[in-house]
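Architecture at a glance
The residues making up each chain are set out below.
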Amino acid sequence: MSPETVWRWDRAWEVLPHLLEGLRITVLATVVGMAVASVLGLVIALAMRTPSRWLTVPLRIVTDFVRMTPLPVQLVFVWLLLPTVPSLVIGCTVLGVHYATYMSEVYRAGIEAVPRGQWEAATALDLPRSRTWLGVVLPQAVRKTLPGLGNYAISMFKETPFLFVISVVEMFTEAQKFGANTFSYIEPLTMVGLLFLLVSYPTSLLVRRMETRLA
Amino acid sequence: MSDDIQTLIDRLPRLGDALVVTLELTIGGALLAVVVAFLLGFGSRTRTLWVRGPSRVVVEFFRGTSLVVQLFWIFYVLPVFGYEMEALAVGIVALGLNYGAYGAEVVRGSIESVPRGQWEACTALNLGWFHRVRRVILPQAWALMIPMLTNLLIQLLKGSALAYYITLHDLNYWTDQLRRATSDVFFSYTVGLLAYFAIAYLLTWAMNTLEERAKRRLGRGTRRPSVRAALRLAPDVGPRALAGKGVAA
């Protein structure tokens, strides 16, 4: 088969608008998922610091469980359990919760990296607990977690195609639909891959720059 | 509930078959990934642009385009060019290439973290390149890279759940079949996720043992780890683990 018959530019142009439409959903899922992950991750990280074992041990088990089981299986699980909830909502939430378990470790490392002297200074100044956290510890900790947050945002972006398992029509599902309708997967799948690369590579360069600047 | 358990027991033999497929994908993918990671990792460190350039491009390409896309590309598009593979081979190749590219960054970063003095000492002792890497650099870099490789291995196991969507009968498929048989979503998926969790736990434990061995060979981990330390699952994902190694997602 000659290359002209395999790759057809007219089909490639035909699928592009569908893919860009899907890219919108992909980016939306990433942004919402990351918002859930960064808030919930911080909550988990703070909850893990409480001295009560009745809270930390079960929480540790739950986060390990979520972190070490496959995202597609989790997605289908929740989707089947809650048939009335729109699949995009489920997709964003499960993505967010899955990544929150990763983010909590990033926050934990960030909080532990705040020098002891900062805590002691807050005690010496007799700051209340809320101001110690909000005014002293968290601003320093969060700054250290920004590169980690960026890295996870990129990897979440690349994992949004998993949402096809619960038929959220994002970029990959658009490509698959087009492929199934025209019996030609080469143009849509190749272009989806390139679009992912086109967005994720420049972003990862930015994050790397941020990493060296904040380090 | 008792019906559910009866159905589960009836389906246990098939769970064995499903586990074999998932493990084949995971282990096969991991072996391929290690080969790819070392080739590309060392390739990214060479001085010749003709090796370094292509290595970097391949690494960034496989990291930048999503695993799902790669898997389906190999499954649907490669046959058009005359490379038709069995679904299992497709899964192993896709997982191996994708996580191999991530692993290449880990290998590169870990080798760069070995102090320069070690290389200089090798030069002073007039060791050849292979000897240096094999006897001096790799044992140190290996201990550094294991925690990050463990994370990648668990990611790979989780990625293998996609195999169901390229017609393979893996653990994900088995879970879905159990759901159809029991029509109890909560029960079947909890069992399926627990099975995945058990595999991930065993893999983490094996890798922790490997790390302990690697450290002990360097004379660092002198004490045997406590049971609690050996069973801990905490991944090494903080910014500190990646800081300064240029390892970005």
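As the structure is a prediction and not an experimental result, all values here were calculated from the model. (Residues numbered from 1 in each chain as written. Chains lettered and ligands numbered in written order. Predicted model: local features only at pLDDT ≥ 70, side-chain atom pairs only at ≥ 80, totals over all residues.)

All right, on to the overall build of chain B then. When helices and strands are tallied, chain B shows 11 helices and 0 strands. Along chain B, from the amino end to the carboxyl end, the secondary structure elements read α-α-α-α-α-α-α-α-α-α-α. The 249 residues of chain B split such that 42% are buried. Across chain B, contacts joining residues at least 24 apart in sequence account for 79% of those joining residues at least 6 apart. (Helix = DSSP H or I, 4+ residues; strand = E, 2+ residues; numbered from the N terminus. Buried ≥ 20, exposed ≤ 12 C-beta atoms within 10 Å, placed from the backbone. Contact = placed C-beta atoms within 7 Å.)

Of the regular secondary structure elements, chain A holds 9 helices and 0 strands. Moving toward the C terminus, one meets the helices and strands of chain A in the order α-α-α-α-α-α-α-α-α. Relative to the 2.2 N^0.38 estimate, which gives 17 Å for 215 residues, the radius of gyration of chain A is 21 Å and therefore markedly larger than a compact globule would have. By principal-axis analysis of the C-alpha atoms, chain A measures approximately 75 × 40 × 25 Å. Looking at the 215 residues of chain A, the share that counts as buried comes to 44%. (Rg over C-alpha atoms; globule rule 2.2 N^0.38 Å.)

Residue and element names in this part refer to chain B. If you check the backbone angles, Asn126 has positive phi at about 60° while not being a glycine. Under the C-beta neighbour-count criterion, Asn126 is labelled exposed, with 7 such atoms within 10 Å. Located in the positive-phi region is Thr167, a residue other than glycine, with phi close to 70°.

On to the packing of helix 8 (residues 171-182) of chain B against helix 9 (residues 185-217) of chain B, then. All names here are of chain B. Between helix 8 and helix 9, the least distance of the axes is 8 Å, while the angle of their chain directions is 160°. When the axes of helix 8 and helix 9 are compared, the pair comes out roughly antiparallel. For the pair helix 8 and helix 9, the sense of crossing is right-handed. Two secondary-structure elements touch here, helix 8 through Leu171, Thr175, Leu178, Arg179 and Thr182 and helix 9 through Val185, Phe187, Ser188, Tyr189, Val191, Gly192, Ala195 and Tyr196. Residues belonging to the contact of helix 8 with helix 9 are distributed by class as follows: 8 nonpolar, 4 polar and 1 charged. (Axes fitted to C-alpha atoms, helices over the stretch in contact; angles between N-to-C directions. Parallel < 35°, antiparallel > 145°, perpendicular 65-115°, else oblique. Left-handed = near helix turned anticlockwise from the far one by under 90°. Nonpolar A, V, L, I, M, F, W, Y, C, P; charged D, E, K, R; others polar.)

Here the focus is the nonpolar core. By size, the foremost hydrophobic cluster in this structure holds 112 residues, and its most contacted members are Val192 of chain A together with Leu71 and Met145 of chain B. Among the elements that take part in this core, helix 7 (residues 129-159) of chain B stands out by supplying 13 residues, more than any other. For Val192 of chain A, the residues in contact, after removing those within four places along its chain, are Leu19, Met171, Phe172 and Ala175 of chain A together with Val69 of chain B. (Core = buried A, V, L, I, M, F, W, Y, C linked by C-beta atoms within 7 Å.)

Another aspect to go through is the environment of Trp119 of chain A. Position of Trp119 of chain A among the secondary structure elements: in helix 6 (residues 116-124). Separated by 13 residues in the primary sequence, Trp119 of chain A and Thr132 of chain A have C-alpha atoms spaced 7.5 Å apart.

Another point: the confidence of the model for chain B. Residues and elements named next belong to chain B. Across chain B, the average pLDDT comes to 88, with 88% of residues at or above 70. In this model residues 236-249 is a low-confidence stretch, pLDDT under 50, and it forms 45 contacts with partners more than four residues away in sequence or in other chains. Reported confidence for the predicted complex is 0.89 by ipTM and 0.88 by pTM. (pLDDT = per-residue confidence, 0-100.)

In this section: the interface of chain B and chain A. Taken together, the 37 residues of chain B in the interface contact 47 residues of chain A. Counting residues per element, the ones that place at least two in the side of chain B that touches chain A are helix 3 (49-64), helix 4 (67-77), helix 7, helix 8, helix 9 and helix 11 (239-242) of chain B.

Let us look at the environment of Ala94 of chain B. All names here are of chain B. Within the fold, Ala94 resides in helix 5 (residues 87-113). For Ala94, a count of 28 C-beta atoms within 10 Å translates into the label buried. Here the alpha-carbon distance between Ala94 and Leu19, two residues 75 residues apart in the chain, equals 19 Å. Beyond its immediate stretch of four places on either side in the chain, Ala94 contacts Leu67, Gln70, Leu71 and Ile74.

In terms of burial, helix 4 (residues 71-81) of chain A is a largely internal element, 8 of the 11 residues being buried. Those residues of helix 4 of chain A that fall on the buried side of the exposure criterion are Leu71, Pro72, Val73, Gln74, Leu75, Val76, Phe77 and Trp79 of chain A. Residues of helix 4 of chain A that are buried sit in contact with helix 5 (87-112) and helix 7 (129-159) of chain A together with helix 7, helix 8 and helix 9 of chain B.

Residue and element names in this part refer to chain A. Of note, Met34 is situated in helix 2 (residues 9-47). Judged by the 23 C-beta atoms lying within 10 Å of it, Met34 is buried. With 63 residues separating them in the primary sequence, Met34 and Val97 have C-alpha atoms 9.2 Å apart. Leave out the neighbours within four places in its chain, and Met34 touches Ala153 and Met156.

Turning our attention to the confidence of the model for chain A. Looking at chain A as a whole, the pLDDT averages 91, with 98% of positions reaching at least 70. Within chain A, helix 4 of chain A carries the highest mean pLDDT (96), whereas helix 1 (residues 3-6) of chain A carries the lowest (64).

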